[in-house]
Amino acid sequence: TSKYKHPIKYLRSSSLTEKKELISAHQLPFEFMLNALRLNQAISTAHFEARTGLSLKYLEKGLHEAVQRKLLEVKQNLIYKTELGQRFLNET
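Residues numbered from 1 in each chain as written. Predicted model: local features only at pLDDT ≥ 70, side-chain atom pairs only at ≥ 80, totals over all residues. Heavy atoms only, no water.

**With respect to the overall build of the protein**
- Counting secondary structure elements, the protein contains 5 helices and 3 strands.
- Scanning the protein from its N terminus toward the C terminus, one meets helices and strands in the order α-α-β-α-α-β-β-α.
- Against the compact-globule benchmark of 12 Å for 92 residues, the protein has a radius of gyration of 16 Å, which places it well outside the compact range.
- Taking the principal axes of its C-alpha atoms as reference, the protein extends roughly 45 × 30 × 20 Å.
- Here the protein, with 92 residues, has 22% of them falling under the buried criterion.
- Of all intrachain contacts in the protein linking residues separated by at least 6 positions in sequence, the fraction that spans at least 24 positions is 33%.
- Split by element, the accessible area of the protein, about 7,600 Å² in all, is 51% carbon and sulfur. (Helix = DSSP H or I, 4+ residues; strand = E, 2+ residues; numbered from the N terminus. Rg over C-alpha atoms; globule rule 2.2 N^0.38 Å. Buried < 20%, exposed > 50% of the residue type's maximum accessible area, 1.4 Å probe, protein only. Contact = heavy atoms within 4.5 Å. Areas by Shrake-Rupley, 256 points an atom, 1.4 Å probe, with all protein chains shown as cover.)

**Looking at the pairing of strand E2 (residues 72-75)**
- Sheet topology note: the E2/strand E3 (residues 78-81) ladder contains 4 bridges and is antiparallel. Paired with Val-74 across the strands is Ile-79, a residue of E3.
- Connecting the antiparallel pair E2 and E3 is a turn made up of 2 residues, with Gln-76 showing a positive phi of about 50 degrees. (Pairing = 2+ DSSP bridges.)

**A word on the pattern of salt bridges**
- Under the counting rule described, the total for this entry stands at 2 salt bridges.
- A salt bridge links Arg-69 to Glu-65; the shortest N-O distance between them is 3.6 Å.
- Among the ionic pairs, Lys-75 bridges to Glu-73, the shortest N-O distance being 3.4 Å.
- Classification of Lys-75 as partly exposed rests on a relative accessible area of 48%. (Salt bridge = Lys/Arg side-chain N within 4 Å of Asp/Glu carboxyl O.)

Right, dumping it as structure tokens:
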């Protein structure tokens with residue numbers, strides 16, 4: 001779901017969301033990580049698998065790249081954002 005960005009549209013609507021769309025399996029890892037990384041805690045790899053129903057292999061390529069770029073760290077099945085990663089969280 002996505003919410004209204006403009007307050008006036010939100011106030012005039014009877015719904016709390018502007019639109020709903022089904023996320024494909026291809027988009028799901030990105031969407032999960034985007035939302036989970038906004039929290040101020042580590043992400044358990046088991047949590048990823050439980051919430052998405054996908055194997056961790058779907059994250060391997062992107063996770064490896066993010067670690068190489070020093071945006072994320074992986075320790076004991078936990079994914080942490082680095083200070084640099086926090087600054088670039090909203091970049092695509």
